[in-house]
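# Summary of structural features
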Amino acid sequence: MDAAARQYFDERYEVAVRHPLVAPRPIMLPPDDPARRRCRFCGQESGQVSFSDDAHAVSNLLGNKSLFSPNQCNDCNRRYGQEYEDHLGKWSNLARAIAQVPGKKNKRPTFKSNDLRVETVASGLSIHVPSPHSVDDLLADGLPDVIELTGNTASQPHVPIRAGMALVKMACSLCPSEDLSQCQNAIAWLAERQGFRMSQFPVYFAFTPGPISNAASEAVLLRRKGDGAEPYLWFIVQFCNFRFQVFVPGCPADAHWAGEGSTLPVTLKHYPSRFGPDWPFGPTTFSWGDWSGTEPVRTTTTATHQLVELIGITRPIAETTAK
């Protein structure tokens, strides 16, 4: 898959922006207007709103320690964190806990359900297996390579479309000024000034096994080279072992094929893994989900933990209506 996917994206796309999420020094994205500071989400300027917060261009719950935006006011930063990023955090809680993705103030996430707990302690990752299972059960046949995380792995209730909007908001934050006109419809959607009726909202997900630290985390925005039936802008964010990929809806450059309630005219492709097909700990696995749902759900995940610093997780296997 990697060679074919690489050729597909090389022929059709160019990298508009690529930044690490962990760097020796903070990375501040360029201002939209050096002469006056304006929020690209609400349009208000300095003096009307405050810009005193450190506005992360990519959410810090995905391990972003270095990438910041000067084009986002305090009000929008806080509002979108509550309205959208909170849902993404609930969807990804188990994945972030297993990968030990450092969040705000370097705090490692903890996953808790009624009979399963995954957390980082001083000695490393701690997994509390549910009764009647025990460590003796797990080690009955010697030291296993992989421990299945039995127990309730259901996420906290979250609204899928709002989790997806958190990713779109990151894409709009990362977008360079010369392409900002392509994000205006998406920005209006985030601000609830405009609605989209979409038959699906596909979010692509990838997992790479092995000891991958937050130093590998990065954010990428791809721009289509010319006309085509593919999305004009793709946003990809790698956080430790995991990766999200989502397109920016409503780009004017997509008007020739995208419309209200339309379906995509092509089969969308996964961006190739940055770790390549020869990664010694195993191949990257790819999946996708339709995040167009507007009602709260719980996502159930089949997960394993590989010993000696290796982790494994498969795609979510079910969604249930939240109670």
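Residues numbered from 1 in each chain as written. Predicted model: local features only at pLDDT ≥ 70, side-chain atom pairs only at ≥ 80, totals over all residues. Heavy atoms only, no water.

## Things to note about the overall build of the protein
- If you tally the helices and strands in the protein, you get 6 helices and 14 strands.
- Counting every position in the protein, which comprises 323 residues, the buried fraction comes to 50%.
- Partitioning the contacts of the protein with sequence separation of at least 6, the portion at a separation of at least 24 is 72%.
- Of the accessible surface of the protein, which amounts to about 15,000 Å², a share of 49% is contributed by carbon and sulfur atoms. (Helix = DSSP H or I, 4+ residues; strand = E, 2+ residues; numbered from the N terminus. Buried < 20%, exposed > 50% of the residue type's maximum accessible area, 1.4 Å probe, protein only. Contact = heavy atoms within 4.5 Å. Areas by Shrake-Rupley, 256 points an atom, 1.4 Å probe, with all protein chains shown as cover.)

## Section: helix α1 (residues 2–12)
- Along α1, the residues classified as buried are Asp-2, Ala-5, Tyr-8 and Phe-9. Projected down its long axis, α1 shows its buried positions confined to an angular sector of 130°, all on one face. Facing away from the buried surface of α1 by more than 90 degrees, the exposed residues are Ala-3 and Ala-4.
- Looking at the packing, one finds that the buried side of α1 touches β1 (13–20), β9 (218–224), β10 (233–239) and β11 (242–247). (Arc of directions from axis to C-beta.)

## A short note on empty space enclosed by the protein
- Taken as a whole, this structure holds 3 cavities of 30 Å³ or more when the rule is applied.
- In this structure, the second largest cavity encloses a volume near 40 Å³.
- For the second largest cavity, the full set of lining residues is Arg-18, Glu-218, Val-220, Ile-236, Gln-238, Arg-243, Tyr-271, Pro-272 and Arg-274.
- A breakdown of the residues in the lining of the second largest cavity according to their chemical character gives 4 nonpolar, 1 polar and 4 charged. (1 Å grid on protein atoms, 1.4 Å probe; cavity = no way out; pocket = protein on both sides within 12 Å on 5 of 7 lines; lining within 4 Å. Points joined across faces, edges and corners; volume = space filled by probe spheres on them. Nonpolar A, V, L, I, M, F, W, Y, C, P; charged D, E, K, R; others polar.)

## A closer look at the pattern of salt bridges
- This structure, assessed with the given rule, holds 18 salt bridges.
- The residue Arg-38 makes a salt bridge to Glu-45 at a minimum N-O spacing of 2.9 Å.
- With relative accessibility at 32%, the residue Arg-38 sits in the partly exposed group.
- One salt bridge in this structure joins Lys-169 and Glu-85, with 4.0 Å as the shortest N-O distance. In this pair, Lys-169 is assigned in helix α5 (residues 160–174) and Glu-85 in helix α2 (residues 74–91), connecting sequence segments 84 residues apart. Assigned by exposure class, Lys-169 and Glu-85 land together as buried.
- Among the charged side chains, a salt-bridge network with shared partners connects Asp-33, Arg-36, Arg-38 and Glu-45. (Salt bridge = Lys/Arg side-chain N within 4 Å of Asp/Glu carboxyl O.)

## Comments concerning the state of the cysteines
- Per the stated rule, a full pass over the model turns up 0 disulfides.
- Cys-175 supplies the cysteine sulfur nearest to Cys-183, a cysteine that is in no disulfide, at a spacing of 3.6 Å.
- The structure places no disulfide on Cys-251, whose sulfur is separated from the nearest cysteine sulfur, that of Cys-183, by 5.7 Å. (Disulfide = S-S within 2.5 Å.)

## Describing the packing of aromatic side chains
- Inspection of every chain in the model, using the stated rule, returns 21 aromatic pairs.
- Where Trp-91 meets Phe-205, the ring centres are 5.4 Å apart and the plane angle is 75°; that geometry is what we call edge-to-face. Remark: Phe-205 occurs in strand β8 (residues 202–207) and Trp-91 occurs in helix α2; sequence separation between them is 114 residues. Taken as a pair, Trp-91 and Phe-205 share a single burial class, namely buried.
- Seen from their ring centres, Phe-207 and Phe-242 are 5.3 Å apart, and the 40° between their planes marks the pair as tilted. With Phe-207 in strand β8 and Phe-242 in strand β11, this pair connects stretches of sequence that are 35 residues apart.
- Assessed through its relative accessible area of 0%, Phe-242 is described here as buried. (Phe/Tyr/Trp six-rings, centres within 6.5 Å; stacked < 30°, edge-to-face > 60°.)

## Observations regarding the sheet that holds strand β12 (residues 285–290)
- With antiparallel pairing, 6 strands are arranged side by side in an open sheet as β1-β9-β10-β11-β8-β12. On the outer flanks of this sheet lie β1 and β12, each paired with one strand and no other. Each strand of the sheet is rotated relative to its neighbour by a mean of 20°, with strand direction disregarded.
- Alignment of β8 against β11, held across 4 bridges, turns out to be antiparallel. The partner of Phe-207 across the bridge, within β11, is Phe-242.
- The strands touched by α1 within the sheet are β1, β9, β10 and β11, with β1 carrying the most contacts at an inclination of about 105°. (Pairing = 2+ DSSP bridges. Axes fitted to C-alpha atoms, helices over the stretch in contact; angles between N-to-C directions.)

## Considerations on α5
- With 15 residues, α5 extends 22 Å from end C-alpha to end C-alpha; this agrees with the ideal 21 Å at 1.5 Å per step.
- With 14 of 15 residues buried, α5 is to be regarded as a mostly interior element. (Expected span 1.5 Å × (residues − 1).)

## Description of the layout of surface pockets
- In this model, the largest pocket occupies a volume close to 850 Å³.
- Every residue lining the largest pocket is counted, 28 residues in all, and those nearest its centre are Ser-59, Asn-60, Leu-61, Gly-103 and Lys-104.
- For the lining of the largest pocket, the element with the highest residue contribution is α2, accounting for 8 residues.
- The residue makeup of the lining of the largest pocket, split by class, is 3 nonpolar, 12 polar and 13 charged.

## Side note on the nonpolar core
- Within the largest apolar cluster, 60 residues are counted, with the highest numbers of intra-cluster contacts made by Leu-167, Phe-235 and Phe-244.
- Elements represented by at least two residues in this core include exactly α2, α3 (93–99), α5, α6 (184–190), β8, β9, β10 and β11.
- Beyond its immediate sequence surroundings of up to four residues, Phe-235 is in contact with Val-58, Leu-167, Met-170, Ala-171, Leu-174, Ala-219, Val-220, Leu-221, Phe-244, Gln-245 and Val-246. (Core = buried A, V, L, I, M, F, W, Y, C linked by side-chain atoms within 4.5 Å.)

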